[in-house]
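# Observations on the model geometry
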Amino acid sequence: MQRFKSVLSVLSKSSPYAVRTLNQNDDSIEDRIKDYLFITTDIERAFKEALINATEDDIIFLCGSSGDGKSEILTRYCEMAMFKDRCVFHLDATHSFSPTANAIQTLDELFEQNLSSDKILVVGINVGMLGNYAQEGAEQHNEIKSSIKSFLDGSTSQANHLFLDFEQFPKFILGQQGYTAEFVKALFQKLTAPNNNIIRDHFEHEKTLLKAADKQLCANYELLSDEAVQDTVIELLFKARLVKDQFLTARALLDFIFHLLAGPAYLFDNLFTGSDNELASKIVGFDPANIRTQHIDKFILSRSLGLPDHDFEVFVEALALKGFTTSLQPESYLRLFYLLKNTEFANNYHQSFSDDFQQQLIKKYAEIWHLHCHFDGSDEHKLALRQYYKDVAITAIHKYNNRNAPKLGKGEFFISEHNGFQLAADLELKAHVTQIAEDKEAKTSHFNTYFKVGKRVVKLPTNINLLSLMLRIVEGYRPNKHDKNTVVLLDELVEQIAEVANGSDTLHILNKNGRYKITNDNFDEFEVSGL
């Protein structure tokens, strides 16, 4: 039997098994592990249904990004008897049939052959390559190019051209109660299943090697077998998706799991210290060892000085029984405490840090996202929306817009400053409930907030970073250069508010000596007060 690490290496992106190719089924241990870990996804179910219902004139495009699993699905179906005689499969549209032809010319040839074929054409293709073909494909395939352009524009394509896009089947689903990640969860559960699991068989064999066993790897696998630990890792992946805009592909996830288990350190350090894996490199930014609270600082200081702590020593003794060393750095212990935050272990010493790790942002984002994307017009939803706009969105915008004009009151918006005189206007800013109800966009990455500014309707796409910034502004935070990527969204909104305010009938002029009010009386004259 192979060593455990060797078997797990099939998960690595550098493995020759990382990309499924035709005729790769060699019944090797690596091939059997990939078959064991295969998860049937919603897009695969949709693809299978499309294949069953397709007719000979149809072209099915399976679209996505590199590493999201197109080849894995296509190779499985092109080898199935019920499809291989009915369909022509082109697994990778970035490849060509000959060294003298490029990918675009290859697609031209493929579509040309399809004109005289009585088979369904199935193409695995990246979204970027779709765009390239729409621009550079041969003129005789204008119908296909037109369908591709329609798909990329979000409009309806020709009926016999079907596009199945991985982006339409997100790995994370947001709901009123939070998020779900069925694919990731299922993969973790298969990887660590207690029975009928070829991977666990090799883990058990590794443990029998006694002194020769890779104890760190075994300890990491046992730790990841805890469902609560899996949930914490999934929470971090979801956070990376929202905060860092990091897409999750199947290949990146498998490589990430390999890094967690077989990386250079224990799982909790591998999780937060980064690697060349795209997911791990984003999660570095959420390292709990960088959180600063009195309790955490006191722990780091006491461990650095080696001060006695009976409860901690009991916890460490229990760790040793699980195969972990007893001489970790304080930062490593904090990462472990974070990973164990939702589970019980030994004397539960780690749970004394629960309040330090408490983060409500994702829960808050999920609640507000649901209110906008699934607004049902009920009194309950209206009340919750009203509170969000009044207490968070409008308050934050008012504070940010008037950050250099502290004398302005409620309903007054700063416009500009000239030679020490500030210009402001009365303006009504409120939620536009009708527009919120009509907006049917439901992307996990953001929700659309709508304001009525005077008579104008203004849309503000709000992601988790902007929500976080607005919540902090309400609490008194002043954005700085580190917020520039998020604050640009508020700046665009403020510019639109200033445009509306410039047309207001009432203007305020302020300087250090007082304030003056100028009102248009609708008779081509202006009334000035405050002199």
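Residues numbered from 1 in each chain as written. Predicted model: local features only at pLDDT ≥ 70, side-chain atom pairs only at ≥ 80, totals over all residues. Heavy atoms only, no water.

In the nomenclature of an unreviewed UniProt entry, the protein chain is known as DNA phosphorothioation-dependent restriction protein DptF of Shewanella violacea.

This part covers the overall build of the protein chain. When its secondary structure is counted, the protein chain shows 23 helices and 14 strands. For the protein chain, the spread of C-alpha atoms along the three principal axes comes to 90 × 80 × 45 Å. In the protein chain, buried positions account for 49% of the 531 residues. Partitioning the intrachain contacts of the protein chain with sequence separation of at least 6 by distance along the chain shows that 63% fall at a separation of at least 24. Working note: accessible area of the protein chain is about 26800 Å², and carbon and sulfur atoms make up 49% of it. (Helix = DSSP H or I, 4+ residues; strand = E, 2+ residues; numbered from the N terminus. Buried < 20%, exposed > 50% of the residue type's maximum accessible area, 1.4 Å probe, protein only. Contact = heavy atoms within 4.5 Å. Areas by Shrake-Rupley, 256 points an atom, 1.4 Å probe, with all protein chains shown as cover.)

Attention now goes to the state of the cysteines. Applying the stated criterion across every chain yields a total of 0 disulfides. The thiol sulfur of Cys87 is not disulfide-bonded, and the nearest other cysteine sulfur, from Cys78, lies at 9.8 Å. By relative accessible area, Cys87 is classed as buried at 4%. (Disulfide = S-S within 2.5 Å.)

Bringing the sheet that holds strand E11 (residues 456–462) into the picture now. Across the sheet, which stays open at both edges, the 3 strands sit in the order E9-E10-E11 with antiparallel pairing between neighbours. In this open sheet, the two strands that pair with only one neighbour each are strand E9 (429–431) and E11. This sheet shows a mean twist of 35° between the axes of neighbouring strands, independent of strand direction. Of the pairings in the sheet, the one linking E9 to strand E10 (residues 447–453) comprises 3 bridges and is antiparallel in character. Pairing of Lys430 across the sheet is with Lys452, part of E10. Strands E9, E10 and E11 of the sheet are contacted by helix H23 (residues 484–502), whose axis makes an angle of about 175° with E11. (Pairing = 2+ DSSP bridges. Axes fitted to C-alpha atoms, helices over the stretch in contact; angles between N-to-C directions.)

Let us look at the sheet that holds strand E2 (residues 87–90). Here 4 strands make up an open sheet; going across it, the order is E2-E3-E1-E4 and the pairing parallel. Either end of the sheet is taken by a strand with one partner, and the two such strands are E2 and strand E4 (161–165). Within this sheet the neighbouring strands show an average axis-to-axis angle of 20°, counted without direction. As paired elements, E2 and strand E3 (residues 120–126) share 4 bridges and run parallel to each other.

Where nonpolar side chains cluster on the molecular surface, the patch consists of Ile52, Met80 and Met82 and spans about 260 Å² of accessible area. Positionally, Ile52 belongs in helix H3 (residues 42–53). Using a relative accessible area of 43% as the deciding quantity, one classes Ile52 as partly exposed. (Patch = residues over 30% accessible without salt bridge, like charges linked within 9 Å, V, L, I, M, F, W, Y side chains within 5 Å. Salt bridge = Lys/Arg side-chain N within 4 Å of Asp/Glu carboxyl O.)

To continue, consider the domain arrangement of the protein chain. Once the domains are mapped, the protein chain shows domain 1 (42–168), domain 2 (176–360) and domain 3 (370–530). Summarising the inter-unit geometry, the C-alpha centres of domain 2 and domain 3 are found 42 Å apart. Each partner contributes to the interface: domain 2 provides 5 residues, whereas domain 3 provides 5 residues. In this assembly, domain 2 packs against domain 3 so that about 550 Å² is buried in total across both faces, 62% of it on carbon and sulfur atoms. The three residues of domain 2 that bury the most area against domain 3 are Gln176, Leu242 and Val243, which together make up 80% of that side's buried surface. Our count for the domain 2 to domain 3 interface comes out at 1 residue pair in polar contact (both at pLDDT 80 or more). (Domains from an automatic or database assignment. Buried area = accessible area lost by both parts, 1.4 Å probe. Polar contact = N/O pair within 3.5 Å; in protein donor to acceptor, adjacent residues only side chain to side chain.)

A few words on the pairing of strand E12 (residues 506–511). Both strand E8 (residues 421–426) and E12 contribute to a ladder of 4 bridges, which runs antiparallel. Its bridge partner lying in E12, Ala424 is registered against His508. Relative to strand E13 (residues 514–520), E12 runs antiparallel, the two sharing 6 bridges. Note on E13: the bridge partner recorded for Leu507 is Ile518. Counted along the chain from E12 to the antiparallel partner E13, the turn is 2 residues long.

A separate point is the nonpolar core. With 120 residues, the main nonpolar core has Ile199, Leu237, Phe256, Phe337 and Phe451 as its most contacted residues. Two domains each put at least three residues into this core: domain 2 (176–360) and domain 3 (370–530). Those residues in contact with Leu237 that sit more than four places away from it in its chain are Phe172, Val184, Leu248, Leu253, Phe256, Leu279 and Ile283. Among the nonpolar cores identified, the runner-up in size contains 20 residues, and Cys63, Ala93, Leu130 and Ile144 belong to it. (Core = buried A, V, L, I, M, F, W, Y, C linked by side-chain atoms within 4.5 Å.)

By the element assignment, Asn220 lies in helix H11 (residues 215–224). Taking relative accessible area as the criterion, Asn220 reaches 0% and is therefore assigned buried. Residues in contact with Asn220, not counting those within four places in the same chain, are Leu260, Leu261, Ala265, Tyr266, Leu267 and Asn270.

Take helix H4 (residues 70–78) next. In terms of burial, H4 is largely enclosed, as 8 of its 9 residues are buried. Summarising the contacts, the buried residues of H4 are in contact with helix H2 (29–37), H3, strand E1 (59–64), helix H5 (81–84), E2 and E3.

Following the criterion strictly, the structure yields 34 aromatic pairs and no others. Relative to Phe111, the ring of Phe61 has its centre 6.2 Å away and its plane inclined at 65°; by these criteria the two rings are edge-to-face. One end of the pair, Phe61, is in strand E1; the other, Phe111, is in helix H6 (residues 103–115), and 50 residues separate them in sequence. A single burial state applies to Phe61 and to Phe111, both of which are buried. Here a set of aromatic residues connected by ring pairs shows up, and it is made of Phe272, Phe299, Phe312, Phe315, Tyr333, Phe337, Tyr338, Phe345, Tyr349, Phe353 and Phe357. Above the plane of the ring of Tyr36 lies Lys190, whose end atom (NZ or CZ) is 5.3 Å from the centre. Here the basic side chain of Arg403 rests over the ring of Tyr400, its NZ or CZ set 4.0 Å away from the ring centre. (Phe/Tyr/Trp six-rings, centres within 6.5 Å; stacked < 30°, edge-to-face > 60°. Lys NZ or Arg CZ within 6 Å of the ring centre and 35° of its normal.)

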